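Residues per chain are reported as follows:
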Amino acid sequence: MPEIAILCLAAIAILMVKHTAADFFLQTSYQYCNKGTYGHPGGLLHAGIHVALTPLVYLVLAPASIMLALAIAMGEFVVHYHIDWAKEQLGRRKKLTPQTAMYWQALGMDQLLHGLTYVGIVAILVWAMS
């Protein structure tokens, strides 16, 4: 297998592990209860934790510059925050609960969009390497 393929797979794996840690182990009720209120510090803190852990991926795919690292951080923050906020808005408006199919569909879409964000981050890092 080409070295770049191994590095990309390792980078995606690191980002998936960090996502699981930030969403399911480090997220407090203060964060998840307030992500649906636009601009609330709980939602901002949650997105910030994700961004703070993302540099773990730089252990395998280092950014070409500090400016690129900052751009990735800013982009991830904005995207992550708004994905979570939109899911919470949908949940509130539709009164979704774990007993409704749409709750699980929304959670699945939320997780998919976060995963695709990580594919984008890895693609940017690989592009910058070339």
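Owing to the predicted nature of the structure, the values given are computational and were not obtained by experimental measurement.

(A) Structural context of the overall build of the chain. Scanning the chain from terminus to terminus reveals 5 helices and 0 strands. Counting helices and strands in the order they occur from the N terminus, the chain gives α-α-α-α-α. Across the 130 residues of the chain, 35% fall into the buried class. In the chain, the share of contacts with a sequence separation of at least 24, taken over all contacts with a separation of at least 6, comes to 74%. Approximately 7500 Å² of the chain is accessible, and the part contributed by carbon and sulfur atoms is 75%.

(B) Representation of helix 1 (residues 3–25). A rise of 1.5 Å per residue sets the reference length of helix 1, with its 23 residues, at 33 Å; its end C-alpha atoms lie 32 Å apart and thus fit the reference within 8%. Those residues of helix 1 that sit buried are Cys8, Ala11, Leu15, Lys18, His19, Ala22 and Asp23. Summarising the contacts, the buried residues of helix 1 are in contact with helix 3 (41–53), helix 4 (66–93) and helix 5 (101–129).

(C) Looking closely at unusual backbone geometry. Its identity is not glycine, yet Lys95 carries a phi of approximately 55°, on the positive side. Locating Lys95 in the fold gives a position in the loop between helix 4 and helix 5.

(D) Seen up close, the pattern of salt bridges. All told, the structure shown has 3 salt bridges when counted by the stated rule. Across the pair Glu76 and Lys18 runs a salt bridge whose closest N-O atoms are separated by 2.7 Å. Residue Glu76 is located in helix 4, and its partner Lys18 is located in helix 1; the two are separated by 58 residues in the primary sequence. For Lys18, a relative accessible area of 2% gives the class buried. In this structure, the salt-bridge partner of Glu88 is Lys87, at a minimum N-O distance of 3.4 Å.

(E) Just the packing of helix 4 against helix 5, in detail. As a packed pair, helix 4 and helix 5 sit with axes 10 Å apart at the nearest point and diverge in direction by 170°. Between helix 4 and helix 5, the crossing angle belongs to the class labelled roughly antiparallel. Mapping the contact onto sequence places Leu68, Ile72, Glu76, Val79, His80, Ile83, Asp84, Lys87 and Leu90 in helix 4 and Met102, Ala106, Leu107, Asp110, Leu113, His114, Thr117, Tyr118, Ile121, Ile124, Leu125 and Ala128 in helix 5. Taken together, the residues of the contact of helix 4 with helix 5 break down into 14 nonpolar, 3 polar and 4 charged.

(F) Expanded view of helix 4. Here helix 4 spans 40 Å end to end across 28 residues, near enough to the 40 Å set by a 1.5 Å rise per residue. Where helix 4 is concerned, the buried positions are Leu68, Ala69, Ile72, Glu76, His80, Tyr81, Ile83, Asp84, Lys87, Glu88, Gln89 and Gly91. Among the structural elements, helix 1, helix 2 (29–32), helix 3 and helix 5 are those in contact with the buried residues of helix 4. One or two positions beyond helix 4, positive phi appears at Lys95, with a value near 55°.

The rules behind each value
- Residues numbered from 1 in each chain as written.
- Predicted model: local features only at pLDDT ≥ 70, side-chain atom pairs only at ≥ 80, totals over all residues.
- Heavy atoms only, no water.
- Helix = DSSP H or I, 4+ residues; strand = E, 2+ residues; numbered from the N terminus.
- Buried < 20%, exposed > 50% of the residue type's maximum accessible area, 1.4 Å probe, protein only.
- Contact = heavy atoms within 4.5 Å.
- Areas by Shrake-Rupley, 256 points an atom, 1.4 Å probe, with all protein chains shown as cover.
- Expected span 1.5 Å × (residues − 1).
- Salt bridge = Lys/Arg side-chain N within 4 Å of Asp/Glu carboxyl O.
- Axes fitted to C-alpha atoms, helices over the stretch in contact; angles between N-to-C directions.
- Parallel < 35°, antiparallel > 145°, perpendicular 65-115°, else oblique.
- Nonpolar A, V, L, I, M, F, W, Y, C, P; charged D, E, K, R; others polar.

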